[in-house]
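Report on the structure
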Amino acid sequence: MSSFIETTFRPVDLKIIDSALEAWRNHYSLPKDDPDVSIAAEICINLFREGNRTLDELQKAMARHKALNELAARH
């Protein structure tokens, strides 16, 4: 469990997370300052920590994530 919490992100990891989050945000036309984007960012980081380490894996995990789908449904 501690390795999950203590994840160190390399620049390439941050690029993957940012790209996945931006694609999600743009798909739903949400501004960067929307509170739901902050929630989505936290979920995205957790999904990455859980092992979804490529852009494709992360985007697929985001598409399956219940809370992200609920956030998206509100928009």
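Reading the values: rules and limits
Residues numbered from 1 in each chain as written. Predicted model: local features only at pLDDT ≥ 70, side-chain atom pairs only at ≥ 80, totals over all residues. Heavy atoms only, no water. Salt bridge = Lys/Arg side-chain N within 4 Å of Asp/Glu carboxyl O. Helix = DSSP H or I, 4+ residues; strand = E, 2+ residues; numbered from the N terminus. Buried < 20%, exposed > 50% of the residue type's maximum accessible area, 1.4 Å probe, protein only. Axes fitted to C-alpha atoms, helices over the stretch in contact; angles between N-to-C directions. Parallel < 35°, antiparallel > 145°, perpendicular 65-115°, else oblique. Left-handed = near helix turned anticlockwise from the far one by under 90°. Contact = heavy atoms within 4.5 Å. Nonpolar A, V, L, I, M, F, W, Y, C, P; charged D, E, K, R; others polar. Core = buried A, V, L, I, M, F, W, Y, C linked by side-chain atoms within 4.5 Å.

For the rest of this paragraph, the subject is the pattern of salt bridges. Evaluated as defined, the whole model comprises 4 salt bridges. Where Asp13 meets Arg10, a salt bridge forms, and the shortest distance between an N and an O atom there is 2.9 Å. With its nearest N and O atoms 2.7 Å apart, the salt bridge here joins Arg25 to Glu22. With a gap of 3 residues between them, Arg25 and Glu22 both fall in helix 2 (residues 11-27), about one helical turn apart. Of the two residues examined, Arg25 and Glu22, each falls in the buried class.

Turning next to the packing of helix 2 against helix 4 (residues 55-64). Interaxial distance between helix 2 and helix 4 falls to 9 Å at its minimum, and their mutual angle equals 40°. Judged by the inter-axis angle, helix 2 sits oblique to helix 4. Crossing angle aside, the handedness with which helix 2 passes helix 4 is right-handed. When helix 2 is examined against helix 4, the residues Ile16, Ile17, Ser19, Ala20, Leu21, Ala23 and Trp24 are found in contact with a partner set consisting of Leu55, Leu58, Gln59 and Met62. In the contact of helix 2 with helix 4, the residues fall into 9 nonpolar, 2 polar and no charged.

So, on to the nonpolar core. Counting residues in each nonpolar core, the largest one holds 19 residues, and the members touching the most others are Trp24, Cys44, Leu47, Leu58, Met62 and Leu68. Broken down by secondary-structure element, the contributors of at least two residues to this core are helix 2, helix 3 (35-49), helix 4 and helix 5 (66-73). Leu47 has contacts with Asn52, Leu58, Ala61, Met62 and His65, leaving out every residue within four places of it along the chain.

Contact pair helix 3 / helix 5: the axes reach a minimum separation of 10 Å and the direction vectors enclose 160°. By the angle class used here, helix 3 and helix 5 are roughly antiparallel. In this structure, helix 3 meets helix 5 at a crossing whose hand is left-handed. From helix 3, Asp36, Ile39, Ala40 and Ile43 reach across to helix 5, where they touch Ala67, Leu68 and Leu71. Looking at the contact of helix 3 with helix 5 residue by residue, the classes come out as 6 nonpolar, no polar and 1 charged.

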